[in-house]
Amino acid sequence: MNTFEKAYSIFAILFGAIFIWLLLTLPDMRQLSILIPVTTVGLMINVIMMFFVFRDIFFRPALSKNAKLLWTVTVLLCWPAILVYLPLHGFRTRIA
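Described below are features of the structure shown in this document. (Residues numbered from 1 in each chain as written. Predicted model: local features only at pLDDT ≥ 70, side-chain atom pairs only at ≥ 80, totals over all residues. Heavy atoms only, no water.)

Some words on the overall build of the protein
Filter applied, for reference: A helix here means a DSSP run of H or I that spans at least four residues, while a strand means a run of E at least two residues long, and both kinds are numbered starting from the N terminus. Burial classes follow relative accessibility: with a 1.4 Å probe on protein chains only, a residue under 20% of its type's maximum area counts as buried, one over 50% as exposed, and anything between as partly exposed. Accessible surface area values rest on a Shrake-Rupley calculation with a 1.4 Å probe, where residue burial reflects the displayed protein chains alone.
Per the secondary structure count, the protein includes four helices and zero strands. What you see in the protein, going N to C, is helices and strands ordered as α-α-α-α. Each of the three principal axes of the protein carries a C-alpha extent, and together these read 50 × 25 × 20 Å. Classification of the 96 residues of the protein by burial places 30% in the buried group. Put simply, the protein shows about 6400 Å² of open surface, and 77% of that area lies on carbon and sulfur atoms.

In structure tokens:
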């Protein structure tokens, strides 16, 4: 991942964490007039982050085909796996 993709990934994770924290602490945030636009923005942010993560998985030469398949399926089935993938592989430089 390049620097922009790393920063964007951190931003997306922080956006989700802050949104969840606000939902838990402020009951006024649980109105549809607030939830629909914020969750739509969050969906777009996370789809772009998943694109960056999948791109990193497929272009990382150090991972075997089985590891790439395992990470792809794991991230597709369980989004929080990104939180494991990024520190283990995503934030490290790719060795060509």
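Comments concerning the packing of helix α2 (residues 32-59) against helix α3 (residues 65-77)
In a packed pair of helices, the relevant descriptors are the angle between the two axes and the axis-to-axis distance. So the rule is basically this: Every axis corresponds to a line fitted to the C-alpha atoms, with the helix fit spanning only the stretch in contact, and the corresponding angles, defined between N-to-C directions, vary from 0 to 180 degrees. Every angle not falling under 35 degrees, over 145, or within 65 to 115 is termed oblique; those three ranges are roughly parallel, roughly antiparallel and roughly perpendicular. A crossing counts as left-handed when the near helix is turned anticlockwise from the far one by less than a right angle, and as right-handed when that turn is clockwise. The contact criterion used throughout is that any non-hydrogen atoms of two residues lie within 4.5 Å. Residue polarity is assigned by list, with Asp, Glu, Lys and Arg as charged and Ala, Val, Leu, Ile, Met, Phe, Trp, Tyr, Cys and Pro as nonpolar; anything else, Gly included, falls into the polar class.
Look at α2 against α3: their axes get within 9 Å of each other, and the N-to-C directions meet at 165°. The angle between α2 and α3 falls in the class roughly antiparallel. Remark: the crossing between α2 and α3 carries right-handed chirality. From α2, Met50, Phe54, Ile57 and Phe58 reach across to α3, where they touch Lys68, Trp71, Thr72, Val75 and Leu76. When its residues are assigned to classes, the contact of α2 with α3 shows seven nonpolar, one polar and one charged.

With respect to the environment of Phe15
Of note, Phe15 is situated in helix α1 (residues 3-25). Residues Phe15 and Pro80, 65 residues apart in the sequence, show an inter-C-alpha distance of 14 Å. In this view, Phe15 contacts Val38, Val41, Gly42 and Ile45; residues no more than four positions away in its chain are not counted.

Section: the packing of aromatic side chains
Worth spelling out the cut-off: Any two rings among Phe, Tyr and Trp, with Trp reduced to its six-membered ring, count as a pair given centres within 6.5 Å; such a pair is stacked if its planes are under 30 degrees apart, edge-to-face if over 60, and tilted if neither.
Inspection of the entire model under this criterion finds eight aromatic pairs. For the ring pair Tyr8 and Phe52, a centre distance of 5.6 Å and an interplane angle of 90° mean the geometry is edge-to-face. Residue Tyr8 is found in helix α1, and its partner Phe52 is found in helix α2; the two are separated by 44 residues along the sequence. With respect to class, Tyr8 is no different from Phe52; both count as buried.

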